[in-house]
Amino acid sequence: MQEEIQQRAYQLWEADGRPEGQDQAYWFKAASQLAAEAAKTIKSPSRKRAPRAKKAIAA
């Protein structure tokens, strides 16, 4: 995972023109992006609704 973050951070840094002194900002931005992408692949458990109670018919 650390290598993936490093590669993504480098890509972001290069795309922004290689600014100096912002290595941590790019590291955290890359980690955040990768975490968001990973979270999209996680399937949430399907929630089944409880059956509705039948209404009593008034006579």
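See the structure above.
Residues numbered from 1 in each chain as written. Predicted model: local features only at pLDDT ≥ 70, side-chain atom pairs only at ≥ 80, totals over all residues. Heavy atoms only, no water.

Draft legend 1. Expanded view of the overall build of the chain. Check the secondary structure of the chain and you find two helices and zero strands. Its C-alpha atoms put the chain at 80 × 20 × 15 Å along the principal axes. Taken across its 59 residues, the chain has 12% of its residues classed as buried. Summed over all atoms, the accessible surface of the chain reaches about 5,900 Å², with 53% contributed by carbon and sulfur. Each charge class in the chain was averaged separately, 11 positive and 7 negative side chains, and the resulting centres sit 31 Å apart. (Helix = DSSP H or I, 4+ residues; strand = E, 2+ residues; numbered from the N terminus. Buried < 20%, exposed > 50% of the residue type's maximum accessible area, 1.4 Å probe, protein only. Areas by Shrake-Rupley, 256 points an atom, 1.4 Å probe, with all protein chains shown as cover. Lys, Arg positive; Asp, Glu negative; His and termini not counted. Charge placed at Lys NZ, Arg CZ, Asp CG, Glu CD.)

Draft legend 2. Inspection of the packing of aromatic side chains at higher detail. For the structure on display, the rule yields one aromatic pair. Centre to centre, the rings of Tyr 10 and Trp 13 are 5.5 Å apart; their planes meet at 45 degrees, and the pair counts as tilted. One end of the pair is Tyr 10 and the other is Trp 13, both in helix 1 (residues 2–15) and three residues apart, which spans about a single turn. Residue classification places Tyr 10 among the partly exposed residues on the basis of a relative accessible area of 42%. Judged by its relative accessible area of 25%, Trp 13 is partly exposed. (Phe/Tyr/Trp six-rings, centres within 6.5 Å; stacked < 30°, edge-to-face > 60°.)

Draft legend 3. Spatial organisation of the environment of Ile 5. One can find Ile 5 in helix 1. Taking relative accessible area as the criterion, Ile 5 reaches 11% and is therefore assigned buried. For Ile 5 and Phe 28, which are 23 residues apart along the polypeptide, the C-alpha to C-alpha distance reads 8.5 Å. Each residue touching Ile 5, except ones within four places of it in the same chain, is listed here: Trp 27, Ala 30, Ala 31 and Leu 34. (Contact = heavy atoms within 4.5 Å.)

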